[in-house]
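# A structural walkthrough
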Amino acid sequence: MNVLFNHLPTEELQAIDAAHHLHPFTKGADLNAKGARIITRAKGSTLTDSEGVEILDGMAGLWCVNIGYGRDELAKVAYDQMRELPYYNTFFQTSHPPVIQLGQKLAELIPGDLNHVFFASGGSDANDTNIRIARHYWAIKGKPSKKVIISRHNAYHGSTVAAASLGGMQVMHAQGGLPIPDISHINQPFWWAEGGEMSPEEFGLARAQELEAEIERLGIDNVAAFIGEPVQGAGAVIVPPSTYWPEIQRICDKYEILLIADEVICGFGRTGNWFGSQTYGIKPDIMTIAKGLSSGYAPIGGSVVSDEIAAVLDSDDFNHGYTYSGHPVSCAVALENLRILEEEGIVDTVRDETAPYLKAKWDALNDHPLVGETRISGLMAAIQMTPDKSARADFANPGEAGTICRDFCLEAGLVMRHVKDSMIISPPLVITKGEIDMLMERCVGALDKTLAKLKADGMFRAG
Ligand SMILES: *Cc1c(COP(=O)(O)O)cnc(C)c1O
């Protein structure tokens, strides 16, 4: 058997990592100088690093380990599936039991008539597929000029060339000649940062109506679809005002453009319902799924489309597919993950118990001098830090306070991510109330230390 590196001392692992591993979304030189944190194992909501330090994972990996770490059942089905049929393709008029069963299960779980799944290896490539589906759909219907996909600034839809183009992350567009043509971006419904004097409800409506203006500007004959995350995740857990999605839905219906809900984070229980579309009353024509679909235990994603879109697509060749579309091991793991989510009532527990429990504590953070606002939807949440609450001000050097607070969190044994100066969490859906207490204690401790440091460094005005 191949000898794994678990026995090596941390410094040695870090040196080899620095020598041979290029990390995503990282400035390599800085990381290589200090060395990566090496995570060696995990159970439930707790990670253990190579020094034996236990860390509460407030991010469920990358928003994906919904059922928590260490579930043997998933290892077992992966093992069994690898022995039975480790791989076969779905291109050449073939199929296999796990992909057949997963398609049926997803059709049952996903609301409306979204009954047909095109499988991918993750969320980025599923969104690439969505672009091709949306454009091909209109072309088959005799409207090949309908190509533009309208998205939002600060959206995250993945990191392939097409998915990053679809996303609205400036730092990603700044490298490698993005975005590709025929993608346009309207403004996001981020009230705290951009709402000015409007109420959140007025602002939500105004931002949704930018879609209508953009369709008019582009010409309805050129627009294929609108894509949005029910709650923007990587953007900093931006929970839209209540007026936003109903207006977006009205506009998509009025102009008959496809509505794509990117549920890669919101899906599979994150917002306290199975899908964010249910929480926000969205009726998508296409849904992107990944992450929580397998709780991260195996790579898998998909584009789920309506009966009508499937009927149109089925009438022509679709010249598109991935070697790992419907990978049998990933499908088997996803099925077992869905069984656990369902049979253990994990989504109900989030909705009825842990999310309300977290929300009460999270909302109370608004009393903290460093906190401008809190945002929360189910078990995804953000703390907006500010040097001046009443002015809804940004820090002079955006991201600095976030980095400081993130480091204090880690020091206290909590993984919390920062997006500029928002602190965000998205813990495993199986997090217990006791662990939420622990999370809050560590988080408040980090906020206090961050405030003290910002004051000492002259970065906090209102104090
Ligand atoms: C993570 C994410 C993606 C990309 O998924 P990958 O599996 O990383 O390719 C797409 N959309 C949203 C909303 C995401 O959060």
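The rules we used
- Residues numbered from 1 in each chain as written.
- Predicted model: local features only at pLDDT ≥ 70, side-chain atom pairs only at ≥ 80, totals over all residues.
- Heavy atoms only, no water.
- Domains from an automatic or database assignment.
- Contact = heavy atoms within 4.5 Å.
- Buried area = accessible area lost by both parts, 1.4 Å probe.
- Salt bridge = Lys/Arg side-chain N within 4 Å of Asp/Glu carboxyl O.
- Phe/Tyr/Trp six-rings, centres within 6.5 Å; stacked < 30°, edge-to-face > 60°.
- Helix = DSSP H or I, 4+ residues; strand = E, 2+ residues; numbered from the N terminus.
- Buried < 20%, exposed > 50% of the residue type's maximum accessible area, 1.4 Å probe, protein only.
- Lys NZ or Arg CZ within 6 Å of the ring centre and 35° of its normal.
- Core = buried A, V, L, I, M, F, W, Y, C linked by side-chain atoms within 4.5 Å.
- Near = heavy atom within 4 Å.
- Polar contact = N/O pair within 3.5 Å; in protein donor to acceptor, adjacent residues only side chain to side chain.
- Axes fitted to C-alpha atoms, helices over the stretch in contact; angles between N-to-C directions.
- Parallel < 35°, antiparallel > 145°, perpendicular 65-115°, else oblique.
- Left-handed = near helix turned anticlockwise from the far one by under 90°.
- Nonpolar A, V, L, I, M, F, W, Y, C, P; charged D, E, K, R; others polar.
- 1 Å grid on protein atoms, 1.4 Å probe; cavity = no way out; pocket = protein on both sides within 12 Å on 5 of 7 lines; lining within 4 Å.
- Points joined across faces, edges and corners; volume = space filled by probe spheres on them.
- Pairing = 2+ DSSP bridges.

With that settled, consider the domain arrangement of the chain. The assigned domain composition of the chain is domain 1 (37-70 + 345-456) and domain 2 (73-343). One C-alpha centre belongs to domain 1, the other to domain 2; they are set 26 Å apart. On the domain 2 side, the residues contacting the 38 residues of domain 1 number 35 residues. In total, domain 1 and domain 2 occlude about 2800 Å² of area from one another, counting both sides; carbon and sulfur atoms represent 60% of this. When the buried surface of domain 1 facing domain 2 is broken down by residue, Ile67, Met380 and Arg392 rank first, second and third, together holding 26% of it. Scanning the region where domain 1 abuts domain 2 turns up zero salt bridges.

Two descriptors summarise a pair of aromatic rings, namely the distance from one centre to the other and the angle between the planes of the rings. Evaluation of the coordinates by the stated rule reveals seven aromatic pairs. Geometrically, the ring pair formed by Phe226 and Trp245 is edge-to-face, given 6.2 Å between the ring centres and 65° between the ring planes. Of this pair, Phe226 sits in strand 7 (residues 223-228) while Trp245 sits in helix 11 (residues 244-255), placing them 19 residues apart in sequence. Classification of Phe226 as buried rests on a relative accessible area of 0%. A residue is classified by how much of its surface remains accessible, and Trp245, at 2% relative accessible area, is buried. Their ring planes at 70° and their centres at 5.2 Å tell us that Phe268 and Phe275 sit as a pair that is edge-to-face. Owing to a relative accessible area of 0%, Phe275 belongs among the buried residues under this scheme. Of the aromatic side chains, those joined through ring pairs into one cluster are Phe226, Tyr244 and Trp245. The ring of Trp138 has Lys146 lying over it, and the distance from NZ or CZ to the ring centre is 4.5 Å. Just above the ring of Trp191 sits the side chain of Arg392; from NZ or CZ to the centre is 3.8 Å.

Next up on the list: the nonpolar core. The biggest cluster of nonpolar side chains holds 64 residues, and the ones touching the most others in it are Leu102, Trp362 and Ile383. When residues are assigned to domains, this core turns out to be shared by domain 1 (37-70 + 345-456) and domain 2 (73-343), each giving three or more. Formed by 32 residues, the second largest nonpolar core is a distinct cluster that contains Val237, Ile238, Ile257 and Ile424.

Leu178 connects to Pro179 through a cis peptide bond whose omega is -5°. Structurally, Pro179 can be placed in the loop between helix 8 (170-173) and strand 6 (183-186). With a phi close to 65°, Phe268 is a non-glycine residue in the positive phi region. With respect to the element layout, Phe268 can be found in the loop between strand 8 (258-262) and helix 12 (276-279). Within the chain, Lys420 stands out as a residue other than glycine whose phi angle is a positive 50°. Relative to the elements of secondary structure, Lys420 occurs in the loop between strand 14 (417-419) and strand 15 (422-425).

This next bit is on the side chain of His173. For His173, the location among the structural elements is in helix 8. Setting aside chain neighbours within four positions, we find His173 in contact with Ala164, Ser165, Gly167, Gly168, Leu178, Pro179 and His185.

With that settled, consider the site of the ligand. In the region of the ligand, the neighbouring residues are Gly122, Gly123, Ser124, Asn127, Tyr156, His157, Gly158, Glu229, Asp262, Val264, Ile265 and Lys291. Contacts to the ligand include Gly123, whose backbone N or O atom sits 2.9 Å from an oxygen atom. Separating an oxygen atom of the ligand from a side-chain N or O atom of Lys291 is a distance of 2.7 Å. It is helix 6 (residues 123-140) that contributes the most residues to the shell around the ligand, three residues altogether.

Orientation of helix 15 (residues 346-364) relative to helix 17 (residues 433-456), taken along the N-to-C sense of each, is 20°, at an axis distance of 10 Å. When the axes of helix 15 and helix 17 are compared, the pair comes out roughly parallel. As for the relative orientation of helix 15 and helix 17, their crossing is right-handed in sense. Residues Glu353, Thr354, Tyr357, Leu358, Lys361 and Trp362 of helix 15 pack against Lys433, Ile436, Asp437, Leu439 and Met440 of helix 17. Split by residue class, the contact of helix 15 with helix 17 holds six nonpolar, one polar and four charged.

Gaps between atoms show up when a probe of the same size as a water molecule is rolled over them. Computed from the structure, the second largest pocket encloses a volume of approximately 770 Å³. Forming the boundary of the second largest pocket are 28 residues, of which Thr90, Val117, Phe118, Phe119 and Asp314 lie nearest the centre. Contributing elements (two or more residues each) for the lining of the second largest pocket: helix 5 (97-109), strand 4 (114-120), strand 10 (301-306) and helix 13 (307-314). Taken together, the residues of the lining of the second largest pocket break down into 12 nonpolar, 13 polar and three charged.

If you trace the four strands from one edge of the open sheet to the other, you get 11-12-15-14, paired in antiparallel fashion. The sheet is open, and its two edges are formed by strand 11 (371-377) and strand 14, each paired on a single side. Within the sheet, the average angular offset between the axes of one strand and its neighbour, ignoring direction, is 20°. Examined bridge by bridge, strand 12 (residues 380-385) and strand 15 share four bridges and lie antiparallel to one another. Residue Ala382 lies in a different strand from strand 15, and its bridge partner there is Ile424. Lying over the sheet, helix 15 contacts strand 11, strand 12 and strand 15, oriented at roughly 165° with respect to strand 11. Packed on one face of the sheet, helix 17 meets strand 11, strand 12 and strand 15 and runs near 15° to strand 12.

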